Amino acid sequence: MIRLNQAAQPQILADNGETWTAEYVRWYVNPIGAAPRRYAHPQIRSALEAETASKCAYCEGRISDVAYTHIEHKRPKSKYPKLVCAWENLTIACPKCNTNKGDYDVPEYSLLDPYLDDVEEEVAFGGPLALPRGGARARATITLLDLNRKDLLFARGEVLTGLHRLLDLVERAGGEPDLQKSLWLDIEAATAAKGEFASACRQFLASQTAARGLTKP
């Protein structure tokens, strides 16, 4: 997880949010037919994908490579129907994290919120492995979302291996400053907010540069 910044809500939601919420609440009280899914409007989805760089807000996997993005209700709509179209309650999640989270709602062990919590201080990475550093909420988040599931560990490991190779090349290019600068641009891209698994990459980079005695030119 990395800290996310919430953008302004799309105009379509500002204009229609109250009406759409009332529609959903009516269905919630008398659930006949399919549940209204106005919150999945293409303009809302597009705004959320821009906000998250099309990554899962929880595991940071790049969703569009393998699946469709899910509109995630941080507080579950099954328990908080009046928040179904609340902009501050919406984000993007991958299908696995969204399914694992389900209707979870335990206030004393609430999941970390990447928009509100200092998540990079709460969750540490030992290589590709996510580790709780901040206590019970971090443990609950890692456990419930299964942030160390096999496929996720493999994908994280692949990205970190690529970063490791870049650092090896930086060391070998000691006498070629232009090449070093080019390599550092690639490293910056891997650790930028848009980079897949940016939090794990940032922590890996910090440990590796310290161990290798590397500094950015």
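The model shown is predicted, which means the values in this text are computed figures rather than measured ones.

Participant: Help me out: how do you make sense of the overall build of the protein chain in this one?
Facilitator: The secondary structure content of the protein chain amounts to 8 helices and 4 strands. N-terminal to C-terminal, the α/β element order of the protein chain is α-α-β-β-α-α-β-β-α-α-α-α. Seen along its three principal axes, the alpha-carbon backbone of the protein chain occupies a region of about 70 × 35 × 25 Å. When burial is assessed residue by residue, the protein chain has 43% of its 217 residues classed as buried. A separation threshold of at least 6 residues defines the contact pool for the protein chain, and within that pool the share at least 24 residues apart is 67%. Element-wise, carbon and sulfur atoms account for 53% of the exposed surface of the protein chain, whose accessible area totals about 11,400 Å². Of the charged side chains in the protein chain, 27 are positive and 28 negative; the average position of the first set lies 3 Å away from that of the second.

Participant: Help me out: how do you make sense of helix H5 (residues 136-145) in this one?
Facilitator: In an α-helix, one full turn covers 3.6 residues, which means residues spaced three or four apart are oriented alike. Here H5 has its buried residues at Ala-138, Ala-140, Thr-141, Ile-142 and Leu-145. The elements touched by buried residues of H5 are helix H3 (95-101), helix H4 (119-122), strand S3 (123-126) and strand S4 (129-132). The first or second residue beyond H5 is Asp-146, which carries a positive phi of 55°.

Participant: Looking at this structure, I do not really get the side chain of Lys-74. What am I missing?
Facilitator: Along the chain, Lys-74 falls in the loop between strand S1 (70-73) and strand S2 (90-93). For Lys-74, a relative accessible area of 16% puts it in the buried group. A distance of 3.1 Å separates polar atoms of two side chains, one belonging to Lys-74 and the other to Asp-113. If we skip the residues at most four places from it in the chain, Lys-74 touches Tyr-58, Glu-88, Asn-89, Leu-90, Thr-91, Lys-101, Asp-113 and Tyr-115.

Participant: What is the right way to read the packing of helix H7 (residues 177-191) against helix H8 (residues 198-212) from this model?
Facilitator: A pair of packed helices can be characterised by two numbers: the angle between their axes and the separation between those axes. Remark: H7 packs on H8, axes separated minimally by 8 Å, with the N-to-C direction vectors making an angle of 135°. Looking at the two axes, H7 sits oblique to H8. The residues of H8 that touch H7, namely those facing Trp-184, Ile-187, Ala-190 and Thr-191, are Ala-198, Cys-201, Arg-202, Leu-205 and Thr-209. Tallied by class, residues from the contact of H7 with H8 come to 6 nonpolar, 2 polar and 1 charged.

Calculation rules
Residues numbered from 1 in each chain as written. Predicted model: local features only at pLDDT ≥ 70, side-chain atom pairs only at ≥ 80, totals over all residues. Heavy atoms only, no water. Helix = DSSP H or I, 4+ residues; strand = E, 2+ residues; numbered from the N terminus. Buried < 20%, exposed > 50% of the residue type's maximum accessible area, 1.4 Å probe, protein only. Contact = heavy atoms within 4.5 Å. Areas by Shrake-Rupley, 256 points an atom, 1.4 Å probe, with all protein chains shown as cover. Lys, Arg positive; Asp, Glu negative; His and termini not counted. Charge placed at Lys NZ, Arg CZ, Asp CG, Glu CD. Polar contact = N/O pair within 3.5 Å; in protein donor to acceptor, adjacent residues only side chain to side chain. Axes fitted to C-alpha atoms, helices over the stretch in contact; angles between N-to-C directions. Parallel < 35°, antiparallel > 145°, perpendicular 65-115°, else oblique. Nonpolar A, V, L, I, M, F, W, Y, C, P; charged D, E, K, R; others polar.

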